[in-house]
Amino acid sequence: YIMFLAGLEMDLENLKKNWSKAFLFGILTFSIPFAVGMWVGIDYLGFSVPASMLLSCIFASHTLVAYPIVGRYGVSRDMAVSISVGGTMFALTVSLFILAGISGMYKGELNSGSWILFGLKCVGYCAAVVFVFPRFARWFFRTYEDNVMQYIFVLALVFLSAALSELAGLEGIFGAFLAGLVLNRLIPHVSPLMNRTEFVGNALFIPYFLIGVGMLINVGALFQGGDIIKVVVVMLVVATGTKWLAAWMTQKICRMNAVARQMMFGLSNAHAAGALAMVMVGTQIEIAPGQFLMNEGMLNGVVIMILVSCII
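Residues numbered from 1 in each chain as written. Predicted model: local features only at pLDDT ≥ 70, side-chain atom pairs only at ≥ 80, totals over all residues. Heavy atoms only, no water.

Q: Quick rundown of the environment of Arg-77? Include the residues and the values.
A: By the element assignment, Arg-77 lies in the loop between α5 (67-72) and α6 (79-106). With 64 residues separating them along the chain, Arg-77 and Glu-13 place their C-alpha atoms 9.5 Å apart. If we skip the residues at most four places from it in the chain, Arg-77 touches Asp-11, Asn-14 and His-189. (Helix = DSSP H or I, 4+ residues; strand = E, 2+ residues; numbered from the N terminus. Contact = heavy atoms within 4.5 Å.)

Printed below as a string of structure tokens:
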């Protein structure tokens, strides 16, 4: 729902004007955390290459948890916000493609044929959402004017897009984001429907999601000492430091001011839905009998990273 709101409220005209800056930020906010994550995972934490790649994807992706704050202050159409949302789209998409590759490798599905099939499913899914959803939505909004029915229809499209995204081999958060982009021009920013969409998300879905994340953590494991503390500290330092570095480099290259850098860092630092989806996939990939790609320590580390990054 967070990613859906970000796509729904994004200023597409502003993004078109600043697409090169958004693309640059996307490359930096993905590649810097990914590269540092690979080095830390292999050399410092002693993880295998696939586990380090999955950890790097967790660092590289981010969720726009702070976006409702941006909307509340009325600055969602600022250039730095458009750049951040565009960069998010790039980083999340690349991370999800790598996640699909790692998952396919352990399921024995990683070959040229499977990649072609995966690509065709992704193209078919995106084409269906981009070309079919808007036409269906225009007809529905013209035919039915009841506010409740319109909101339920929007919610149904979001869940349908998320479900189709998972069928294509991606994660549901990508589908929700794409649904927001598709409906962007059809739901006016000052309409009652937009107001209801924001209210229900900020009052219900997003808080419950964060409560659910907190309930995943095994608090007792944190007091047992050992490697889990090291993993948590390393994840916090790398995740936060690399995202700040990406925002700083974008600011310097594009000659933006310090406030723009803070905005880009504030929006790209929080790890939530993407990181959680990736670590949950990692805990289900069995690399040997009874041994999984990601253990409980990694899950706890990711949940604590989510907590701290969201607070920042």
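Q: Give me the lowdown on the environment of Leu-276, citing residues and values where you can.
A: One can find Leu-276 in helix α14 (residues 273-282). As a C-alpha pair, Leu-276 and Glu-13 span 263 residues in sequence and 31 Å in three-dimensional space. In this structure Leu-276 touches Phe-209, Val-213, Leu-216 and Ile-306, once residues within four positions along its chain are discounted.

Q: Give a detailed account of the environment of Gln-150, specifying residues and quantitative values.
A: Of note, Gln-150 is situated in helix α8 (residues 147-167). Linking Gln-150 and Ile-228, residues 78 residues apart in sequence, is a C-alpha distance of 47 Å. Beyond its immediate chain neighbours, meaning those up to four positions away, Gln-150 contacts Phe-140, Phe-141, Tyr-144, Glu-145 and Leu-193.

Q: Residue-level account of helix α1 (residues 2-9), with values.
A: Where burial is concerned, most of α1 is hidden: eight out of the eight residues are buried. Among the residues of α1, Ile-2, Met-3, Phe-4, Leu-5, Ala-6, Gly-7, Leu-8 and Glu-9 are the ones counted as buried. (Buried < 20%, exposed > 50% of the residue type's maximum accessible area, 1.4 Å probe, protein only.)

Q: Before we move on, could you go through the confidence of the model for the protein chain and cite the residues and values that matter?
A: Across the protein chain, pLDDT averages 84, with 95% of residues at or above 70. Within the protein chain, no element has a lower average pLDDT than helix α11 (residues 219-222), which sits at 66, and none a higher one than helix α13 (residues 258-268), at 92. (pLDDT = per-residue confidence, 0-100.)

Q: Which residues make up α8, and what values go with them?
A: The terminal C-alpha atoms of α8 lie 30 Å apart, and with 21 residues this matches the ideal 30 Å at 1.5 Å per residue to within 8%. Within α8 the residues assigned to the buried category are Gln-150, Tyr-151, Phe-153, Val-154, Leu-155, Leu-157, Val-158, Ser-161, Ala-162 and Ser-165. Buried positions along α8 lie against α1, α7 (112-143), α9 (172-183) and α10 (192-214). The N-cap residue of α8 is Asp-146: its side-chain oxygen and the backbone nitrogen of Val-148 are 3.2 Å apart. (Expected span 1.5 Å × (residues − 1). Polar contact = N/O pair within 3.5 Å; in protein donor to acceptor, adjacent residues only side chain to side chain.)

Q: Before we move on, could you go through the packing of helix α3 (residues 19-44) against helix α4 (residues 49-60) and cite the residues and values that matter?
A: When two helices pack together, their arrangement is captured by the angle between the axes and the distance separating the axes. Where α3 contacts α4, the two axes come as close as 8 Å, and the packing angle between them is 145°. Judged by the twist between their axes, the crossing of α3 over α4 is right-handed. Where α3 abuts α4, its residues Thr-29, Phe-30, Pro-33, Phe-34, Gly-37, Met-38, Gly-41 and Ile-42 lie against Val-49, Ser-52, Met-53, Leu-55, Ser-56, Cys-57, Phe-59 and Ala-60. For the contact of α3 with α4, the residue count by class is eleven nonpolar, five polar and no charged. (Axes fitted to C-alpha atoms, helices over the stretch in contact; angles between N-to-C directions. Left-handed = near helix turned anticlockwise from the far one by under 90°. Nonpolar A, V, L, I, M, F, W, Y, C, P; charged D, E, K, R; others polar.)

Q: Could you give an account of the side chain of Thr-197, naming the residues involved and the relevant values?
A: Its place among the elements puts Thr-197 in helix α10. There is a polar contact of 2.7 Å between the side chain of Thr-197 and the backbone oxygen of Leu-193. Once residues lying within four places of it in the same chain are set aside, the contact partners of Thr-197 are Tyr-1, Phe-4, Leu-5, Leu-8 and Tyr-151.

Q: Report on the state of the cysteines, specifying residues and quantitative values.
A: On inspection of all chains with the given rule, the structure shows zero disulfides. Take Cys-57: it sits in no disulfide, and the sulfur closest to it among the cysteines is that of Cys-122, at 15 Å. According to the relative accessible area criterion, Cys-57 is buried, its value standing at 0%. The thiol sulfur of Cys-310 is not disulfide-bonded, and the nearest other cysteine sulfur, from Cys-57, lies at 19 Å. Classification of Cys-310 by relative accessible area gives partly exposed; the value is 26%. (Disulfide = S-S within 2.5 Å.)

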